[in-house]
Amino acid sequence: MILVLAMFMVILAGCGGNSGANANTEATNTSSNNASSSDKGTASTAAAPVKITWWHSMSGTGEKAINKIVTDFNASHPDIQVEAVYQGKYDESLNKLKASLGSNSGPDLMQVYEIGSKFMIDSKMITPVQKFIDEDKFDLSSLEPNIIRYYTIGGQLNAMPFNTSNPILYYNKDAFKAAGLDPENPPKTFEEYEAAAKALSKNGKPGAAIAIYGWFMEQLFANQNAEYVNGGNGRDQAATESLLASDAGVKTLEWWKKMVDEKAVANLGRDTDDTDSAFAAGQVAMTLNSTAALRKMVDAVGGKFEVGTGFLPRPEDVKEGGVVVGGASLYIMNNKPEEEQKAAWELIKYVASPEVQAEWSVSTGYFPITKAAYDQQVLKDNMAKYPQFQTAVDQLHASSASNATSGAVMGIFPEARQIVEGAIEEALNGKKEPKKALEDAAAQITDKLKQYNATVK
């Protein structure tokens, strides 16, 4: 375990943040208020509540939503008291977790981004939630199967999904009309996307933009039902080789570069906020982004034009595929007493309830993981206000079940994503041909996988 932790510390040290779906901006840390301790007048025999700590990486509205969940949970569970503590971005919080090992200062419950899943399992630091599911006979069929699939590895659910998103197409319906395109029929294929981008371009200004975000490459692989690493996408056995330079990768990056070269698609760099701003300002009429950004995007547009949404495009000769869920999940740490682990499980069950999931989705824009949340009036009202979100729900449900769409797992994923972004950058900037850029990046990732696997015992 120590070797695995050391390896991952090196990985995270080399990773920069991305302003996309899985990165959070810094915010002043505010923890939820703990319920007050028992009054002096209560019986001396009354048991003290079990106290647990939940480390998370949600800032801004996400942190406010978590604090409300905790406050409400504490009020309804006097035998358990939860303290939620913001620990910085995902990679920062993982570094803090590793620094806490060997002491009692670490959390009982930990929010970890999806690309940290393999590391968390290999670290042997967790009690898989499957243990509590089996003991409680918890009904997993009430949860979204295409979300649960990502975190089911080795035949068990290791963590409970929490904040979940996937990427969709955003487009300017008014610009579509002006360009003679059908505003109710967004492009569904690579070929249609390219044609629409060209039609939307005018006066030498690109009609679309795609941020250099490794998550998009991962998703475009899955939408072609193509695996990202070997070993059944790392799910049947530990991945030992990157498949980045396979036909799916080359086809994707050549398509992307061709549109940039023809000035149909703008390359605005790695920061997704820059691409979002260009879209909201009407400077480009089409882009890709997370479903979690939808409300923010619509609000930023502010009625200047009508925002349309569509499925992530795929090559026209590909008939099956889907999207991989992004976001993060909740892990129960195994270095805490059993009563604290059970208390953490009680919080997880509460978080997964339809009522809480509906409020969470409305507050943050993330998917509810519980199907019954869509029956809650607050979520029905939100869906009516933001009908574009139905696209995200439909896309999630339309995704085929396979290792490709379940998502790749590898212990070096954070670093691999950065390497992929570097390869995309090199290709789009003309420093390397797409295939060469991907081959070089795949070789780097494969080498890192070998180093990491050697540390796992």
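Thresholds, definitions, all that
- Residues numbered from 1 in each chain as written.
- Predicted model: local features only at pLDDT ≥ 70, side-chain atom pairs only at ≥ 80, totals over all residues.
- Heavy atoms only, no water.
- UniProt positions renumbered as here; feature names shortened; annotations may be inferred.
- 1 Å grid on protein atoms, 1.4 Å probe; cavity = no way out; pocket = protein on both sides within 12 Å on 5 of 7 lines; lining within 4 Å.
- Points joined across faces, edges and corners; volume = space filled by probe spheres on them.
- Helix = DSSP H or I, 4+ residues; strand = E, 2+ residues; numbered from the N terminus.
- Nonpolar A, V, L, I, M, F, W, Y, C, P; charged D, E, K, R; others polar.
- Domains from an automatic or database assignment.
- Core = buried A, V, L, I, M, F, W, Y, C linked by side-chain atoms within 4.5 Å.
- Buried < 20%, exposed > 50% of the residue type's maximum accessible area, 1.4 Å probe, protein only.
- Contact = heavy atoms within 4.5 Å.
- Phe/Tyr/Trp six-rings, centres within 6.5 Å; stacked < 30°, edge-to-face > 60°.
- Salt bridge = Lys/Arg side-chain N within 4 Å of Asp/Glu carboxyl O.
- Pairing = 2+ DSSP bridges.

Under an unreviewed UniProt entry, the name given to the protein chain is ABC transporter substrate-binding protein, and the source organism is Paenibacillus durus. Per UniProt, the protein chain carries the Subcellular location (unreviewed entry) text "Cell envelope". On record in UniProt, under Sequence similarities (unreviewed entry), the comment for the protein chain is "Belongs to the bacterial solute-binding protein 1 family."

Draft legend 1. Up close: empty space enclosed by the protein. Here the structure, examined in full by the defined rule, presents 3 cavities of 30 Å³ or more. Estimates place the volume of the second largest cavity at around 120 Å³. Around the second largest cavity, the lining comprises 19 residues; the ones closest to its centre are E218, V324, G407, A408 and F413. Secondary structure elements with two or more residues in the lining of the second largest cavity: helix 9 (214–222) and helix 19 (413–428). Looking at the lining of the second largest cavity, its residues break down into 12 nonpolar, 3 polar and 4 charged. There are two domains that each give the lining of the second largest cavity at least three residues, and those are domain 1 (50–164 + 325–398) and domain 2 (167–322 + 411–455).

Draft legend 2. Local environment of the layout of surface pockets. As a volume, the second largest pocket reaches approximately 300 Å³. Of all the secondary-structure elements, those providing two or more residues to the lining of the second largest pocket are helix 7 (173–178) and helix 8 (190–200). Per element, the largest residue contribution to the lining of the second largest pocket is 3 residues, and it comes from helix 7. Residue classes in the lining of the second largest pocket are distributed as 8 nonpolar, 6 polar and 3 charged.

Draft legend 3. Layout of the nonpolar core. In terms of nonpolar packing, the biggest core is built from 141 residues, with W54, M120, Y193, L244 and M286 touching the most fellow members. Among the elements that line this core, the one with the most residues is helix 19, at 8 residues. Each of domain 1 (50–164 + 325–398) and domain 2 (167–322 + 411–455) accounts for three or more of the residues forming this core.

Draft legend 4. Main features of the environment of A222. Along the chain, A222 falls in helix 9. Under the relative-accessibility criterion, A222 is labelled buried at 2%. Note: C-alpha distance between A222 and V323 (101 residues apart in sequence) is 5.9 Å. A222 has contacts with G321, G322, V324, A404 and T405, leaving out every residue within four places of it along the chain.

Draft legend 5. Expanded view of the packing of aromatic side chains. Tallied over the entire structure, the rule returns 19 aromatic pairs. Taking the centre distance of 6.1 Å and the plane angle of 35 degrees together, the rings of W215 and F216 count as tilted. When the centroid spacing of 6.0 Å and the interplanar angle of 5 degrees are considered together, the rings of W360 and Y366 count as stacked. Residue classification places Y366 among the buried positions, given a relative accessible area of 7%. Aromatic rings pair up to connect W54, F162, W360 and Y366 into one cluster.

Draft legend 6. Summary view of the pattern of salt bridges. Overall, the coordinates contain 22 salt bridges when judged by the stated rule. Here K251 and D317 are joined by a salt bridge, their closest N and O atoms 3.5 Å apart. With K251 in helix 11 (residues 247–261) and D317 in the loop between strand 12 (307–310) and strand 13 (326–333), this residue pair connects regions lying 66 residues apart in the sequence. Take D317: its relative accessible area is 54%, and that puts it in the exposed class. Two residues, K257 and D261, come together in a salt bridge whose shortest N-O distance is 3.2 Å. Linking K257 with D261, this pair stays in helix 11, spanning 4 residues, or about one helical turn. For D261, a relative accessible area of 44% translates into the label partly exposed.

Draft legend 7. Just unusual backbone geometry, in detail. The phi dihedral of K124 falls on the positive side, at around 60 degrees, and the residue is not glycine. With respect to the helices and strands, K124 occurs in the loop between helix 4 (117–122) and strand 4 (126–127). Judged by relative accessible area, K124 falls into the partly exposed class, the value being 49%. The phi angle at K263 is positive, at roughly 60 degrees, despite the residue not being glycine. Locating K263 in the fold gives a position in the loop between helix 11 and strand 10 (265–266). Judged by its relative accessible area of 52%, K263 is exposed.

Draft legend 8. Structural detail: the pairing of strand 7 (residues 160–165). Counting buried positions over the 6 residues of strand 7 gives 6, a clear majority of the element. As paired strands, strand 7 and strand 13 are joined by 4 bridges and run antiparallel to one another. Bridging from a neighbouring strand, P161 pairs with S329 of strand 13.

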